[in-house]
Structures are given as structure tokens and as C-alpha cells.
Amino acid sequence: MIKLNYKNVDAQVIGQENGLNLAEEFECYKDKIVHIIADLNKRKDKNGQWLQWMNLGYNEETLWYVKEYAAMVKGRFDNILVLGIGGSALGGIAVTEALLKPYWNLLSDEQRDGMPRIFFLDNIDPDTINGLFEVLDLKKTLVNVITKSGSTAETMSQFMIVKDKLEKELGENYRYNVVATTDKKTGILRQIAEQEGYKTFVVPDDVGGRFSVFSAVGLLPFALVGLDIDEMVNGIKDMDLALKNTDIHNNIAAQNALIHYLMDTKKGKNLSVMMPYSSRLKYVSDWYVQLWAESLGKNKDKDGNDVNIGPTPIKALGATDQHSQIQLYNEGPNNKVINFIRVENFDSTLEIPNIFEYTGIGYLGGKTINQLINAEADSTRVALSDYNRPTVTITLERVDSYNVAQLLYMLEVQTAIAGELYNIDTFNQPGVEQAKNYTYALMGRKGYEESAQTLQSKMAMV
Ligand code: PA5
């Protein structure tokens, strides 16, 4: 199981001004946490609560269909191209970057055990998209278009371009190069898929984009490139069981949620930095940023009061950002909680050869890069503590399917608990919808004429 070390947020370590009296706080919030966890688990099966993501570890049917399809298309495609944005892409990117061999797309077929390369198009920069077409042979590419709503402008515009190209190259048979993941009944992509006869997978009801990584949204691409989705599900189930524990002393998601909430509301530390000491976990930070920002950044609480709250998430990478951001974190405003992710065992060991005797670098010889990266994680934690800066450390035994799934699921539950502490709706995103609607208006979508007029006059002013 992954572990959480929160000693460095305690007032005994970083002082009363910046630290929390954790024993007292845990005692004070004990009953509230019992209530929150019990309530989330009670509500998770009810329609409209947007908590179905808590059941994804138990969805044997999806697992079966995903594996069946992946087995059926195995060996037929050189590339997987995922089209999606936000919650429809970030989990896929985070997990494939973490679990596939590094530089996967540059490896030979043999080195990839015959599994396809994988590309995610999660933006609409024309140069990048055109650049990708130069690299990919679309005829040998399986396109997985993922959008829950079925109408997101970025994803659907990419899909329209790709479909047109595929059809020109392959004629009617192009449909076998497309698999759509979308709502089971509604949305334009669902209509197109039915009309055109695409293979489809479902984004389940009551699972928001940012909580969808372990639905078919993520599981399908993972299975297509040969990742062990059974082990991921085992990781989620074990973590889910652990996080059903209503005792704050034994629930790491509740502990980290409460720490962040109290640091924000009592100590004015409303920035949350996610800093894995592992390049493979770099994109877990991107995923976390969306999860934390879209879930907790809200202007109203559940009682309708104006609150404008939400801790701002920041991504960082250890050790790289020690040479970029740490100066600010040590000496700048003391307004952050830094989450380190530390990996105990890397898949490989890399020894530093004993080839120079200079005092300045000679000490490195004979050590391993493994020792160095973890020494840097530990020393940065201690240095931050010297400056009375709060940090927590999440430790993974290794970067594998089981542990990465546990990590992501733990952070999802942590976010849900934090949302309850802030008393806000964790699962809506009106701020995202507003910008989406303005884009529709600006691009001339029917029905958005009034918004277009308002927008034109506002654009002249801002
Ligand atoms: O988390 C969310 O709900 C959003 O980030 C969505 O995933 C994103 O806007 C894409 O939406 P859709 O899947 O409908 O294309």
C-alpha cells in the first residue's frame, strides 16, 4: 500500500505559526470525517451524485469487454491515436507515461513486444496536429475518440479532420480504424457512432471526466498497449477498502484532505504543489492539477453562499524543479503545501562510475542514480522544513500498475473528502462550461447567437 508521511506539517516540526497541531485537529475532525466517509459510501450508488467513479474498481463487465476488444485488434495496428481533452485525456497520459517503458514510441516493434505506439492529441494546435500526421500512417492507426458530452469542440474538430483523412485513405472500411468512447445514449458522437457503425465503449453515467480514468476512458487505451489492467483494478479495490476506514488515523486520503483544508483555511496556505521524484510520474501532476482545480475551485458553497474558494494546484518535478522552483518555495511566500511523491524501488539501477577524483564530484562515483534521486527528495524535504514550509510525502513501493492505480484512486477520494470539508459541489464545473459556451458562440454554433452578440461586445472591452 502507498504511504503518507505528514510529520512535516506538524507545529512541533515547523512551528506554531505555520504548522498544525495535528493530534488535536484529528481529534476535533474525527466525527466529521466519519460522517463524510460514511456519507460518500452511502451516496455512491445513488443516481445524480456523480460518485459512480467509486465503483469503477468493481466493474467486471467493462474490464471483460475492454480485454476482449483489445485481444481482437491485437497485432492489427501500429499506432493508437487518442483524441480527447481534459478528463478524457489526462488520466490516459499520466498512466501510460508512468507504466509504459520510457520512450515507448521510439522503441522497435520487438522492444514493444509487438504492441502499438500510443499518441494523445489533447490540444488543437494546427502545427502539432499536422506534425503528427507526418509521423503516423493513419491506415495502420486505431483512433480512439473520447468525449463524454460528444460535442466538445476541440475533440470533435480533431475527429472530423481524422475521419475525413481516414475515409479518403480507406474508403468505407475506415470505420474499423475508429473506436468511440462516449455517453451510452446521448450526444452527437453517440449518434455518429451508431450511424457509421463504430465499435463503442461507454463513459458511465455519474462519472465526471476528471474521475473517469478507470472507466473505459482509460482502461481501453491501457489494454490496447498491453498494460496490466487487472493489476490496476486490484490496486483500486485494495485502496478502496483501506479508504472505507472511517477512522482518520487510518485513512490517508482523509488525512491529506484535512491537512490541505486546514492549511488553506487556518494558515492561508492555499497552493498545493505536486512534486513526484520520478520522471515517469511527471504527468500524474498534470492529472492532479485538473482534478484538484476543477473539483475544488468554486464560487458557491452547497448552501448557495458566495465563497470563491479552492487551493491552487501547481505541478513540479523532482529533482528537475529543485533548480527552478525550490528557491521560491524555500524563501518566497510561505503559502504552499508541497506534496512529494517518492518511489522506493525503481525498475532499474544505474551506477555512477568511479572515474573522477575531483572533490566536487568524486563522492558521486560508486553510488547509484537511484540513491541520488531519493537523497535529493529527502534533503529537499528537510531543507523546506528548516524554512518552516509544510510538506507531505506520499511513498510508492514502485511505479507499477498496482501502485499507480492506488495513487490515482487515493487522490480522487482525497479530492472528494476535501470537497465535503469545503462544503462545495466537487463534481460540477460551471466555470468550464461557460468558456465552452463562449467558444460555441464565437465559432457560430446554432442556438448560441445571443451569446455571440454579448461576447462580441465584451471582447471589445477586455
Ligand atoms: O473533467 C471534466 O469534466 C472535463 O475536463 C472534461 O473531461 C472535458 O471538458 C472534456 O469533456 P468531454 O469528455 O465531454 O469531451
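Per chain, residue numbering runs from 1 following the sequence as it is written. At least 70 in pLDDT is required for a residue's local features to be given in this predicted model, at least 80 for side-chain atom pairs to be given and counted, and no such filter applies to totals for whole chains, interfaces and linings, which use all residues. Excluded from the side-chain calculations are hydrogens and water; all other atoms, namely the structure's heavy atoms, are used.

Remarks on the site of the ligand
Where we set the bar: Near is defined per residue: the residue qualifies when any heavy atom it owns lies within 4 Å of the molecule or strand. N or O atoms within 3.5 Å of each other form a polar contact, as long as, within protein, one can give a hydrogen and the other can take it, and as long as residues adjacent in sequence are counted only when both atoms are side-chain atoms. Each residue is assigned to one class: nonpolar for Ala, Val, Leu, Ile, Met, Phe, Trp, Tyr, Cys and Pro, charged for Asp, Glu, Lys and Arg, and polar for all the others, Gly among them.
Near the ligand there are 14 residues, and of these Ser88, Thr147, Ser149, Thr152 and Gln290 occur at the shortest range. A distance of 2.5 Å separates an oxygen atom of the ligand from a polar atom in the side chain of Thr152. Interatomic distance of 2.5 Å between a side-chain N/O atom of Gln290 and an oxygen atom of the ligand. Among the residues forming the shell around the ligand, the class breakdown is one nonpolar, nine polar and four charged.

Topic: the sheet that holds strand β3 (residues 117–121)
Under the convention used in this document: Note on pairing: two strands pair once DSSP finds at least 2 bridges between them. Secondary structure elements are defined from DSSP: runs of H or I of at least 4 residues count as helices, runs of E of at least 2 residues count as strands, and each element is numbered from the N terminus. A fitted line through C-alpha atoms represents every axis, and for helices the fit uses only the stretch in contact; the resulting angles, taken between N-to-C directions, go from 0 to 180 degrees.
Ordered in space as β3-β2-β4-β5-β6, the five strands form an open sheet in which the pairing is parallel. For this open sheet the edge positions go to β3 and β6 (199–202), each flanked by a neighbour on one side alone. This sheet shows a mean twist of 20 degrees between the axes of neighbouring strands, independent of strand direction.

Some words on the pattern of salt bridges
Under the convention used in this document: Whenever Lys or Arg places a side-chain nitrogen within 4 Å of a carboxyl oxygen from Asp or Glu, that contact is recorded as a salt bridge. Partly exposed describes any residue whose relative accessible area lies between the buried limit of under 20% and the exposed limit of over 50%, with all areas from a 1.4 Å probe on protein chains only and scaled to the type maximum.
Across all of its chains, the model carries 26 salt bridges by this definition. Between Glu196 and Lys163 there is a salt bridge; the shortest N-O distance is 3.9 Å. With Glu196 in helix α7 (residues 188–196) and Lys163 in helix α6 (residues 153–170), this pair connects stretches of sequence that are 33 residues apart. Across the pair Asp378 and Arg381 runs a salt bridge whose closest N-O atoms are separated by 3.2 Å. In this pair, Asp378 and Arg381 are both assigned in helix α14 (residues 369–386), three residues apart and thus about one turn of the helix distant. Assessed through its relative accessible area of 23%, Arg381 is described here as partly exposed. Each of Asp39, Arg43, Lys302 and Glu420 takes part in a single network of salt bridges with overlapping partners.

Quick look at the domain arrangement of the chain
This is how it is decided: Per the annotation, domain bounds derive from an automatic or database assignment of domains. Pairs of residues are marked as contacts when any of their non-hydrogen atoms sit within 4.5 Å. Once two parts are brought into contact, the accessible area they lose, counted with a 1.4 Å probe and summed over both, makes up the buried area.
Entries for the chain in the domain assignment read domain 1 (3–43 + 233–422) and domain 2 (52–231). Using only C-alpha atoms to locate each centre, domain 1 and domain 2 end up separated by 30 Å. Listed per partner, the contact involves 32 residues of domain 1 and 24 residues of domain 2. With both sides pooled, the region where domain 1 packs onto domain 2 buries about 2600 Å², and carbon together with sulfur makes up 62% of that total. Where domain 1 touches domain 2, the interface holds two salt bridges. Of the charged contacts in the structure, one is a salt bridge between Glu294 and Arg210, with a shortest N-O distance of 3.0 Å. In this structure, the connection of domain 1 to domain 2 is made through 10 residue pairs in polar contact (both at pLDDT 80 or more). Of all the secondary-structure elements, those providing two or more residues to the side of domain 1 that touches domain 2 are α2 (22–43), α9 (229–243), α11 (282–296) and α15 (401–422). Here the element with the most residues in the side of domain 1 that touches domain 2 is α15; it accounts for 10 residues. Here the residues of the side of domain 1 that touches domain 2 sort into 16 nonpolar, seven polar and nine charged.

Describing helix α10 (residues 252–267)
Residues separated by three or four positions in an α-helix point in the same direction, a consequence of the helix having 3.6 residues per turn. Condition: Helix span, as expected, comes to 1.5 Å for every residue beyond the first.
The first and last C-alpha atoms of α10 sit 21 Å apart over 16 residues, in line with the 22 Å expected at 1.5 Å per residue. For α10, the tally of buried residues reaches 13 of 16 residues, placing the bulk of the element in the interior. Here α10 starts with a cap whose side-chain oxygen sits 3.2 Å from the backbone nitrogen of Ala253, and that cap is Asn251. With its phi angle positive at about 65 degrees, Gly268 sits one or two positions after the end of α10.

Points about the side chain of Ser285
Relative to the elements of secondary structure, Ser285 occurs in helix α11. In this structure, Ser285 is in contact with Met274, Pro276, Lys315 and Ala316, ignoring residues within four places of it in sequence.

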